[in-house]
Amino acid sequence: MPPPADIVKVAIEWPGAFPKLMEIDQRKPLSSIIKEVCDGWSLANHDQFALQHADSSNFYITEKNRNEIKNGAILRLTTSPAQNAQQLHERIQSSSMDAKLEALKDLANYSRDVTFAQEFINLDGISLLTQMVESGTESLSHFGDMLSFTLTAFVELMDHGIVSWDTFSVAFIKKIASYVNKFASDISILQRSLAILESMVLNSHDLYQKVAQEITIGQLIPHLQGTDQEIQMYTIAVINALFLKAPDDKRQEMANILAQKQLRSIILTHVIRAQRAINNEMAHQLYVLQVLTFNLLEDRMITKMDPQDQAQRDIIFELRRIAFDAESEPNNSSGSMEKRKSMYTRDYKKLGFINHVNPAMDFTQTPPGMLALDNMLYFAKHHHDAYIRIVLENSSREDKHECPFGRSSIELTKTLCEILKVGELPSETCNDFHPMFFTHDRSFEEFFCICIQLLNKTWKEMRATSEDFNKVMQVVKEQIMRALTTKPSSLDQFKSKLQNLSYTEILKIRQSERMNQEDFQSRPILELKEKIQPEILELIKQQRLNRLVEGTCFRKLNSRRRQDKFWYCRLSPNHKVLHYGDLEESPQGEVPHDSLQDKLPVADIKAVLTGKDCPHMKEKGALKQNKEVLELAFSILYDSSGQLNFIAPDKHEYCVWTDGLNALLGKDMLSDLTRNDLDTLLSMEIKLRLLDLENIQIPDAPPPIPKEPSNYDFVYDCN
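Residues numbered from 1 in each chain as written. Predicted model: local features only at pLDDT ≥ 70, side-chain atom pairs only at ≥ 80, totals over all residues. Heavy atoms only, no water.

### Regarding the state of the cysteines
The cut-off we apply is this: Criterion for a disulfide: a pair of cysteine sulfur atoms at a distance within 2.5 Å. Only protein chains enter the accessibility calculation, which uses a 1.4 Å probe; a residue is then buried when its area is under 20% of its type maximum, exposed when over 50%, and partly exposed in between.
Under the defined criterion, the tally for this structure stands at zero disulfides. The structure places no disulfide on C451, whose sulfur is separated from the nearest cysteine sulfur, that of C449, by 9.3 Å. C451 sits in the buried class, given a relative accessible area of 0%. Between C655, a free cysteine, and C614, which holds the nearest cysteine sulfur, the sulfur-to-sulfur gap is 14 Å. On the basis of relative accessible area, C655 is assigned to the buried category, the value being 5%.

Shown next as structure tokens:
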């Protein structure tokens, strides 16, 4: 008798017959199992049949994925992938338009399965689809529906990564690009056309050049002004792809075109402020656009100032002129050269440059390079009064208390570049965009202007001297970071947030956090912590399990591009079974247990793996290189070789799920989230228990035990 772990009890369907209940021995070859099923229904040529999941996925069962079959699963006996692919290949070439349409519907559905996709591609199916697109006649009946299903099948087949994108002709690209204009009202065709263009640009340098010639920003902009968020998202994705793959010398030119077309204003009006929730995919595309826009500053950030370049030196002269536009300044014909040099040196010192004689030398460090000088000039010209106030205000202070504007601007520009990660490629999984950066054409410069005034204010609040410069910069960075986490909707709102984050407030926040982390270190308090810690850990464990019962929607990713494919997993209320299954779209709330087709008993879980140890991270080389994806990956191993692979939507969900799964297995919860929750709850509980001892000093050591009495006559004798 084979061990129970190798036996799976299933039901198998066949059209026109009662379902057959049988036990599958997972140690047997799949072909012999299919033969046994066929023999039960007296079906010849068993090699032309295959088993398939009977749910909506219709995925074929292969030797590679057969371990995913669960007890109680419903399977379907059907034609083999090769035969099915051959039949569909013939059906989509039918002369009957109705028959052709039905065949394309089936093809779009079956193409999601990689096993079928491989067989169809082997029949040169991709070429057949591209020919149908290139030769499509719009006057035919059902043309719109046929084109929609053709493009859907094409996208699904290409998503498997079997065929290279470099194989497509210019005629095909022209046709797809033309659909972006012709079918603006047909959401399905437009969405798939945009998705194909994005993939072409991202996956092939040659195709990028051809797509860039066929599609213009002006053709894409109108699609952002509609109301369909999915179309808007794919439109921004195409713009991002063109932006990302553009040669270095063409990116600024493309940015200028985007500015002329008022892309920022259109996105702000029709996407960000459209009075609706922005989903994760749209947030990701907005984040990518934000990163690519700021990366245009990289060239200036890594460019050193040339002290011999007169045009660059003139910018410094302009800063001095705006700040000290004194009528008494000697002209070229009056005063000695030494006197003018002395006056310039004095003014450069007031401007806060490190090198008073030749301030150009201050801009030879990269980063921030010339970007700092650009910011200073922008501030002086566009915030003239604030600039003069800062310079003159510091000019009147004692030398040791003046806030050096020049040095501060250089260091602040460097800090802002670090915060916004200027020069780094966008992350595949991040969706951290800031609406306020879409409210101004010169958002980085305006961001700097707000922050340089904050720096001067914080300097005064700290009563800082030149020795405190680094401390002030640390406080300013903390103020900026804390304000950014609130996601202000405008630069004015960002400025208001900073008003509430004065140096005094930062000290209060730091003190509060320090108390939570470091306070109550005396021996009695430590013993109290040790006593109540198990209760707190049990509370955290219950919270994690409750979150697993609510469930989470996970996104399916691959190495080529983000996918609009989802699956959901949740724990049963009795904590004994994991329910999971694929979804067509991201759910708005919890997904009921009965709608999730697959089950995994918790008792069958052997181990939980994380990061690079996960099987799906080892298989997908491109994902393996993505550090952020690695940090969100975890897998469940069950039976002999079964696995359930996850990529969490964010770090919080990753911690919740890994903690919850470890709790189910009776293991320790080791995530950063658990440590933070434990510290917070312990601190709160201790403070509550010590309320009655307020203002009473707790000794570090317990009181000494008194000596035994000479007799025990005072003890009451019950007898």
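This is not the end of the story, as more comes after the structure.
### Points about the sheet that holds strand 10 (residues 633-638)
Keep this limit in mind: Two strands make a pair as long as DSSP finds a minimum of two bridges between them. Helix and strand labels come from DSSP, where a helix needs a run of H or I of at least four residues and a strand needs a run of E of at least two; each type is numbered from the N terminus. Every axis in this analysis is a line fitted to C-alpha atoms, fitted for helices over the stretch in contact. Angles between the N-to-C directions lie between 0 and 180 degrees. In what follows, a contact means two residues having at least one pair of non-hydrogen atoms within 4.5 Å.
Ordered by their spatial adjacency, three strands build an open sheet running 9-10-11, and the pairing between neighbours is antiparallel. The open sheet has two edge strands with one neighbour each: strand 9 (605-610) and strand 11 (642-647). Within this sheet the neighbouring strands show an average axis-to-axis angle of 15°, counted without direction. Bridge analysis of strand 9 against strand 10 gives five bridges, and the strand direction is antiparallel. What sits directly across from T610, in strand 10, is F634. Against the sheet, helix 29 (residues 651-664) contacts strand 9, strand 10 and strand 11, and its axis sits at roughly 25° relative to strand 10.

### Description of helix 5 (residues 125-134)
Summarising burial for helix 5: seven of the 10 residues are buried, a large majority. Of all the positions in helix 5, only G125, I126, L128, L129, T130, M132 and V133 are classed as buried.

### Observations concerning the environment of I189
For I189, the location among the structural elements is in helix 8 (residues 187-203). According to the relative accessible area criterion, I189 is buried, its value standing at 0%. Sequence separation of I189 and I12 is 177 residues, and the distance between their C-alpha atoms is 37 Å. The residues contacting I189, other than those within four sequence positions of it, are G144, L147, S148, L151, Y179 and F183.

### What about the side chain of H223?
Assignment of secondary structure puts H223 in helix 10 (residues 217-224). Beyond its immediate stretch of four places on either side in the chain, H223 contacts V180, A184, L190, I231, Q232 and T235.

### Here's the deal with the packing of aromatic side chains
Just so we agree on the cut-off: Each pair of aromatic rings taken from Phe, Tyr and Trp, with Trp reduced to its six-membered ring, is defined by centres within 6.5 Å and is described as stacked if the planes are under 30 degrees apart, edge-to-face if over 60, and tilted in the remaining cases. The rule is short: NZ of Lys or CZ of Arg within 6 Å of the ring centre and within 35 degrees of the ring normal puts a charge over the ring.
Inspection of every chain in the model, using the stated rule, returns 30 aromatic pairs. Three or more aromatic residues joined by ring pairs make a cluster, and in this case those are F554, W567, Y580, F634, F646, Y654 and W657. It is K20 that lies over the ring of W41; its NZ or CZ is 4.9 Å from the centre. Looking at R320, its charged tip hangs above the ring of Y344, at a distance of 4.2 Å from the centre.

### Concerning the packing of helix 7 (residues 170-182) against helix 8
The cut-off we apply is this: Note that the term roughly parallel is reserved for angles under 35 degrees, roughly antiparallel for angles over 145, roughly perpendicular for angles of 65 to 115, and oblique for everything else. By convention the crossing between two helices is left-handed if the near helix lies anticlockwise of the far one by an angle smaller than a right angle, and right-handed if it lies clockwise.
The N-to-C vectors of helix 7 and helix 8 enclose an angle of 135°; their axes lie 8 Å apart at closest approach. Taken together, the axis directions place helix 7 and helix 8 in an arrangement best described as oblique. The element helix 7 and its partner helix 8 pack so that their crossing is left-handed. When helix 7 is examined against helix 8, the residues F172, I173, I176, A177, Y179 and V180 are found in contact with a partner set consisting of I189, L190, S193, L194, I196, L197 and M200.

### Things to note about the sheet that holds strand 1 (residues 7-13)
One open sheet holds the four strands; their spatial order is 2-1-4-3, and the pairing between them is mixed. The sheet is open, and its two edges are formed by strand 2 (20-25) and strand 3 (49-53), each paired on a single side. Averaged over all pairs of adjacent strands, the angle between their axes in this sheet comes to 45°, without regard to strand direction. Pairing of strand 3 with strand 4 (residues 74-79), which is carried by five bridges, proceeds in the antiparallel orientation. The residue of strand 4 that forms the bridge with A50 is T78.

### Details of the side chain of T78
Take T78: it is sitting in strand 4. A relative accessible area of 12% places T78 in the buried class. Setting aside chain neighbours within four positions, we find T78 in contact with Q48, F49, A50, Q52 and Y60.

### Brief notes about the pattern of salt bridges
To keep it simple, the criterion reads: The rule for a salt bridge is simple: a side-chain nitrogen of Lys or Arg has to be within 4 Å of a carboxyl oxygen of Asp or Glu.
Per the stated rule, a full pass over the model turns up 29 salt bridges. Note that E63 and R66 form a salt bridge whose closest N and O atoms lie 2.9 Å from each other. Residue R544 is joined to D659 by a salt bridge in which the shortest nitrogen-to-oxygen separation is 3.1 Å. Here R544 is found in helix 25 (residues 523-550), whereas its partner D659 is found in helix 29, with 115 residues between them in sequence.

### Describing the pairing of strand 3
Side chains on a regular strand alternate between the two faces of the sheet. Across the five residues of strand 3, five count as buried, placing the element largely inside the fold. The alternating pattern of strand 3 places F49, L51 and H53 and A50 and Q52 on opposite faces, both of which are buried.

### A closer look at the confidence of the model for the chain
The cut-off we apply is this: The predictor attaches a confidence to each residue, and that confidence, scored 0 to 100, is pLDDT.
Per-chain confidence: the chain averages 86 in pLDDT, with 91% of residues scoring 70 or above. Low pLDDT (under 50) marks residues 330-334, which in the prediction has four contacts with non-local residues, meaning those over four places away or in another chain.

### Some thoughts on unusual backbone geometry
A cis amide bond links T366 with the next residue in sequence, P367, at an omega value of -15°. Looking at the secondary structure, you find P367 in the loop between helix 17 (337-350) and helix 18 (370-382). The amide bond that connects P367 to the next residue, P368, takes the cis arrangement and shows omega of 15°. Structurally, P368 is set in the loop between helix 17 and helix 18. The phi torsion at Q262 lies on the positive side, around 55°, for a residue other than glycine. Inspection of the secondary structure puts Q262 in the loop between helix 12 (248-260) and helix 13 (263-272). When its relative accessible area of 51% is taken as the criterion, Q262 is described as exposed. Positioned with a positive phi, K421 is a non-glycine residue whose angle comes to about 55°.

### Here we look at helix 14 (residues 280-294)
Quick note on the threshold: Every helix has an expected span of 1.5 Å times one less than the residues it contains. Whenever a nitrogen or oxygen atom comes within 3.5 Å of another N or O atom, the pair is scored as a polar contact, on the condition that within protein one atom can donate a hydrogen and the other can accept it, and that pairs from neighbouring residues in sequence are kept only if both atoms are in side chains.
Between its terminal C-alpha atoms helix 14 stretches 21 Å, which fits the 21 Å expected from 15 residues at 1.5 Å a residue. Of all 15 residues that make up helix 14, 13 are buried, and the element is covered over most of its length. Capping the start of helix 14, N279 holds a side-chain oxygen 3.3 Å from the backbone nitrogen of E281, two or three residues further along.

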